[in-house]
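# Structure at a glance
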Amino acid sequence: MKTPRIAEILKSGAVDTDIVVKGWVRTKRGNKNVAFIALNDGSCVGNIQVVVDLSKIAEEQLKPVTTGACIRVDGRLVASPGAGQGVEVQAERIEIYGTADPDTYPLQKKGHSLEFLREIAYLRPRTNTFGAVYRIRHAMAWAIHEFFHKNGFTYVHTPIFTGSDCEGAGEMFQVTTLDLNDVPKTEDGKVDYSKDFFKRPVNLTVSGQLEAEAMAMALGKVYTFGPTFRAEKSYDTRHAAEFWMIEPEMAFADLNTYMDTAEAMTKYVIRYLLDNCPDELAFFNQFFDKGLIERLELVANSDFARVSYTDAIELLKKNDDNFQYKVSWGIDLQTEHERYLTEQVFKKPVFVTDYPKEIKAFYMRMNEDGKTVAAADMLVPGIGELIGGSQREERLDVLLARLDELGLKREDYDWYLDLRRFGSVKHAGYGLGFERLLMYVTGIPNIRDVIAFPRTCGGF
Ligand code: 4AD
Ligand code: MG
């Protein structure tokens with residue numbers, strides 16, 4: 001017999017059928033005559049209630065059925081007389097797949113803090129909160145692929161080992177097979193990379209953008225969706241050392257094309273979530289963020305704001321007394337500034353455009369004024385920066401001048417420069433931090449709690 005998942009059983013409402021359910025015990029309670037087991041199989045927020053008639057199944061046999069145990073129940077699905085559930089399973093046979101010793105199983109009943117659960121990342125998927133987080137993570141990944149697929153983008157895979165520092169921030173994890181206790185040196189005392197695995201210095205990628213640009217210069221519209229790595233010494237709630245990024249790149253596109261696409265994508269995935277994960281959203285709305293669903297509805301239905309960096313600075317100056325970091329033209333916006341703009345001034349997502357070139361990466365297209373670049377960050381309430389992107393510098397001479405100005409070596413960007421030598425065209429793209437998006441749509445305040453096995457500065 002096919003074993004339906006609990007989500008299907010609860011949804012279908014069909015009763016008076018023979019049924020098999022398999023899952024993990026959340027709780028067991030009852031009296032001398034009857035036992036009630038709440039069983040969860042990870043398919044939905046809800047449990048199914050299993051009712052055991054102790055005249056049919058000996059109490060002794062039920063002893064090992066404790067919180068955390070994995071069991072199979074053969075029985076009959078019936079309408080439930082009790083409040084709180086539409087159907088229940090009358091057990092005829094229970095098989096125990098795996099017990100969970102109540103003295104040592106850490107997840108007894110409920111009410112564990114997120115901090116405690118982080119210590120047992122391998123067990124926390126079994127809690128309501130994390131089951132819902134991981135199902136939403138899946139749904140969002142699916143919706144993102146669906147959006148790009150429907151809009152004619154090709155999904156491309158860019159390498160994880162790279163030799164370049166896309167963001168030019170030097171926040172890279174170096175990869176080597178050299179013996180760190182006995183590093184080979186050249187005659188002038190430098191590390192002899194000719195002895196290393198790749199015969200050159202190599203790091204984990206901070207962004208797939210440069211390779212995505214190469215693909216876009218042939219396929220037209222591409223996107224990546226993969227892991228990226230940053231050695232940022234940040235202990236806050238928004239930075240992970242390993243996180244997933246979605247990076248679309250479009251030929252024949254400018255800054256407005258990027259912002260229009262990013263806005264359409266954000267609305268699409270939020271609408272998908274509202275339509276497909278109502279139970280998970282209701283759960284987060286109840287336990288994490290009382291305004292969550294209302295806010296998501298608003299975002300899905302409203303136009304995002306757009307403001308230039310220069311105008312944003314003027315708006316921020318009005319509130320300068322309340323900021324820890326004082327505001328003046330040229331500063332890099334801090335989270336407090338970003339959140340003020342999106343939460344207090346615009347009260348919705350906002351693109352801040354045309355930043356000073358000094359605070360942005362080398363590849364961003366220079367504006368006519370020679371001072372700002374065609375970049376935009378998308379800021380959202382509760383998070384700050386969710387997306388960063390730009391129109392790319394497609395003019396070889398301007399890009400060369402910019403590399404020189406920043407003291408970056410031309411030979412390190414050889415192939416990237418060739419893209420400007422052969423069939424160059426204006427193009428644009430952006431990077432969406434997948435975990436930031438998940439924090440935004442769940443109301444979960446810490447990035448460590450939207451990724452299954454988080455890796456952050458200071459250890460894991
Ligand atoms: O703004 P960033 O650094 O942009 C880039 O990497 C570009 N190459 C993207 C592109 O244009 N193709 O990063 C993009 C996004 C940020 O807006 C943020 O959401 C997320 O990636 N992000 C992080 N998320 C979690 N932990 C970190 N340490 C992050 N750093 C960036
Ligand atoms: Mg950024």
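Predicted model, so just to flag it, every value in this text is computed and none were measured.

### Here's the deal with the packing of helix α4 (residues 128–150) against helix α13 (residues 434–442)
One way to put it is that α4 packs onto α13 with a least axis distance of 11 Å and a crossing angle of 115°. In this structure, α4 meets α13 at a crossing whose hand is right-handed. Facing Ile136, Arg137, Met140, Ala141 and Ile144 of α4, the residues of α13 in contact are Phe434, Glu435, Leu437, Leu438, Val441 and Thr442. In the contact of α4 with α13, the residues fall into eight nonpolar, one polar and two charged.

### What about the pairing of strand β1 (residues 17–30)?
Two elements, β1 and strand β4 (residues 70–79), share eight bridges in a ladder whose sense is antiparallel. In the sheet register, Val20 faces β4, and the bridge partner there is Asp74. Inspection of the sheet shows β1 paired to strand β2 (residues 34–40) by six bridges, in the antiparallel sense. Note on β2: the bridge partner recorded for Thr27 is Ala38. Following β1, the chain reverses through three residues before pairing antiparallel with β2.

### Brief notes about the site of ligand 1
Around ligand 1 there are 25 residues in total, and Glu167, Gln209, Glu232, Glu247 and Glu385 lie nearest to it. For ligand 1, a nitrogen atom lies 3.0 Å from a polar atom in the side chain of Ser207. For ligand 1, an oxygen atom lies 3.4 Å from a polar atom in the backbone of Gly388. Here ligand 1 loses 94% of its free accessible area of 630 Å² to cover by the protein chains. When atom positions are compared with the pocket grids, ligand 1 is found to occupy the largest pocket. Here the shell around ligand 1 is built from residues that sort into nine nonpolar, eight polar and eight charged.

### Digging into the sheet that holds strand β9 (residues 202–204)
Whenever strands of a sheet pair, they do so through backbone hydrogen bonds, lying parallel or antiparallel. Read from one edge of the open sheet, three strands run β7-β9-β8, paired in antiparallel fashion. Where the open sheet ends on each side, the last strands, each with one partner, are β7 (161–162) and β8 (174–175).

### A look at the state of the cysteines
By the definition in use, this model includes zero disulfides. With no disulfide of its own, Cys44 has Cys277 as its nearest cysteine by sulfur position, at a separation of 12 Å.

### Digging into the sheet that holds β2
Around the barrel, five strands lie side by side as β1-β2-β3-β5-β4; this closed barrel has mixed pairing. In this sheet, neighbouring strand axes are inclined to one another by 55° on average, regardless of whether the strands run parallel or antiparallel. Two elements, β2 and strand β3 (residues 48–53), share six bridges in a ladder whose sense is antiparallel. Bridge pairing in β3 links Val34 to Asp53.

### Comments concerning the packing of aromatic side chains
For the structure on display, the rule yields 23 aromatic pairs. Measuring from ring centre to ring centre gives 5.4 Å for Phe362 and Tyr363, while their planes differ by 80°; the resulting arrangement is edge-to-face. Taken individually, Phe362 and Tyr363 each receive the classification buried, so the pair is uniform in this respect. Assessed through its relative accessible area of 3%, Phe362 is described here as buried. Through a chain of ring-to-ring contacts, three or more aromatic side chains come together here, namely Phe147, Phe148, Phe153, Tyr155, Tyr223 and Tyr268. Here Arg455 stacks its cationic end above the ring of Phe460, 3.7 Å away from the centre of that ring.

Cut-offs and rules
Counting restarts for each chain, with residues numbered from 1 along the sequence as it is written. Here every chain gets a letter starting at A, and every ligand a number starting at 1, in the order they are written. With pLDDT at 70 or above as the cut-off, local features in this predicted model cover only qualifying residues; side-chain atom pairs require 80 or more to be listed or tallied, and sums for whole chains, interfaces and linings still use all residues. Note: side-chain values were computed over all heavy atoms of the structure, leaving out hydrogens and water. Here an axis means a line fitted to C-alpha atoms, over the contact stretch when the element is a helix, while the angle between two N-to-C directions is reported on a 0 to 180 degree scale. In DSSP terms, a helix is any run of H or I states spanning at least four residues, a strand is any run of E spanning at least two, and both are numbered starting from the N terminus. By definition, turning the near helix anticlockwise from the far helix through less than a right angle yields a left-handed crossing, and turning it clockwise yields a right-handed one. Any pair of residues with heavy atoms lying within 4.5 Å of one another is described as a contacting pair. Think of it as three bins: nonpolar holds Ala, Val, Leu, Ile, Met, Phe, Trp, Tyr, Cys and Pro, charged holds Asp, Glu, Lys and Arg, and polar takes everything else, Gly as well. Whether two strands pair comes down to DSSP finding at least two bridges between them. Residues are counted as near a molecule or strand when any one of their heavy atoms sits within 4 Å of it. Pairing of N or O atoms within 3.5 Å defines a polar contact, subject to two protein rules: one partner must be a possible hydrogen donor and the other a possible acceptor, and residues neighboring in sequence count only if both atoms are side-chain atoms. We get accessible surface area from the Shrake-Rupley algorithm with a probe of 1.4 Å; when it comes to residues, only the shown protein chains can shield them. Cavities and pockets were defined on a 1 Å grid built over protein atoms only: a cavity is a set of grid points that admits a 1.4 Å probe from which the probe cannot escape, a pocket is an open set flanked by protein on both sides within 12 Å along at least five of seven lines, and lining residues are those with an atom within 4 Å of any such point. Being in a pocket or cavity means that more than half of the molecule's atoms lie within 2 Å of its grid points. By definition, disulfides here are pairs of cysteine sulfur atoms that lie within 2.5 Å. Working definition: rings of Phe, Tyr and Trp (its six-membered ring) pair if their centres are within 6.5 Å, and the pair is stacked with planes under 30 degrees apart, edge-to-face with planes over 60 apart, and tilted otherwise. The classification of residues rests on relative accessible area computed with a 1.4 Å probe and restricted to protein chains. Under 20% of the type maximum is buried, over 50% is exposed, and intermediate values are partly exposed. Only Lys NZ and Arg CZ are tested; either one counts as a charge over a ring when it is within 6 Å of the ring centre and within 35 degrees of the ring normal.

Read these as geometric descriptors, not functional statements.
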